[in-house]
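# Descriptive structure summary
What follows is the residue order along each chain.
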Amino acid sequence: EVQLVESGGGLVQPGGSLRLSCAASGFTFRSFTMTWVRQAPGKGPEWVSGISSDGGSTSYLDSVKGRFTISRDNAKNTLYLQMNSLKPEDTAVYYCAKAKYGMAAMVPPRDYWGQGTQVTVSS
């Protein structure tokens, strides 16, 4: 079955950086649009970023634009999210997710997500 395994989360101070990875298996990764979704405590899921199957097109939530960079390595079946200039409001569980119907800028159904990795930004 489809498996998405996130890693790279942790505790960082405001202004710090973190690089998340997502290892994909069980589907033809190179053929699918991928996304990052996050969920903060007590909040609903929030779409963060999306990337086309070949990596040629990317999109971002306004509040992370200029700070986060999504990328992928199709030869390694891996999705990445480079996060710089982190803020406390970025604190959330971050999930990689396969896009439904190729919709790069929408939160996919929860069945399309991985298990998540915790990102905490705090002094």
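Residues numbered from 1 in each chain as written. Predicted model: local features only at pLDDT ≥ 70, side-chain atom pairs only at ≥ 80, totals over all residues. Heavy atoms only, no water.

### Considerations on the overall build of the chain
The helix and strand tally for the chain stands at 0 helices and 10 strands. The linear arrangement of helices and strands in the chain, starting from the amino end, is β-β-β-β-β-β-β-β-β-β. Taken against the 2.2 N^0.38 rule, which gives 14 Å for 123 residues, the C-alpha radius of gyration of the chain at 13 Å falls within 12% of a compact globule. Counting only C-alpha atoms, the chain reaches 40 × 25 × 25 Å along its principal axes. Taking all 123 residues of the chain together, the buried fraction comes to 42%. In the chain, once contacts between residues fewer than 6 apart in sequence are set aside, the share between residues at least 24 apart is 56%. With an accessible surface of roughly 6300 Å², the chain has 47% of that area assigned to carbon and sulfur atoms. Across the chain, the centroid of the 12 positively charged side chains sits 2 Å from that of the 9 negatively charged ones. (Helix = DSSP H or I, 4+ residues; strand = E, 2+ residues; numbered from the N terminus. Rg over C-alpha atoms; globule rule 2.2 N^0.38 Å. Buried < 20%, exposed > 50% of the residue type's maximum accessible area, 1.4 Å probe, protein only. Contact = heavy atoms within 4.5 Å. Areas by Shrake-Rupley, 256 points an atom, 1.4 Å probe, with all protein chains shown as cover. Lys, Arg positive; Asp, Glu negative; His and termini not counted. Charge placed at Lys NZ, Arg CZ, Asp CG, Glu CD.)

### What about the pairing of strand β9 (residues 92–98)?
A large share of β9 lies buried, amounting to 6 of its 7 residues. Sheet topology places strand β4 (residues 34–39) next to β9; 6 bridges connect them, and they run antiparallel. Bridge pairing in β9 links Val37 to Tyr95. Where β9 and strand β10 (residues 117–121) come together, 3 bridges link them in antiparallel fashion. Paired with Ala92 across the bridge in β10 is Val119. (Pairing = 2+ DSSP bridges.)

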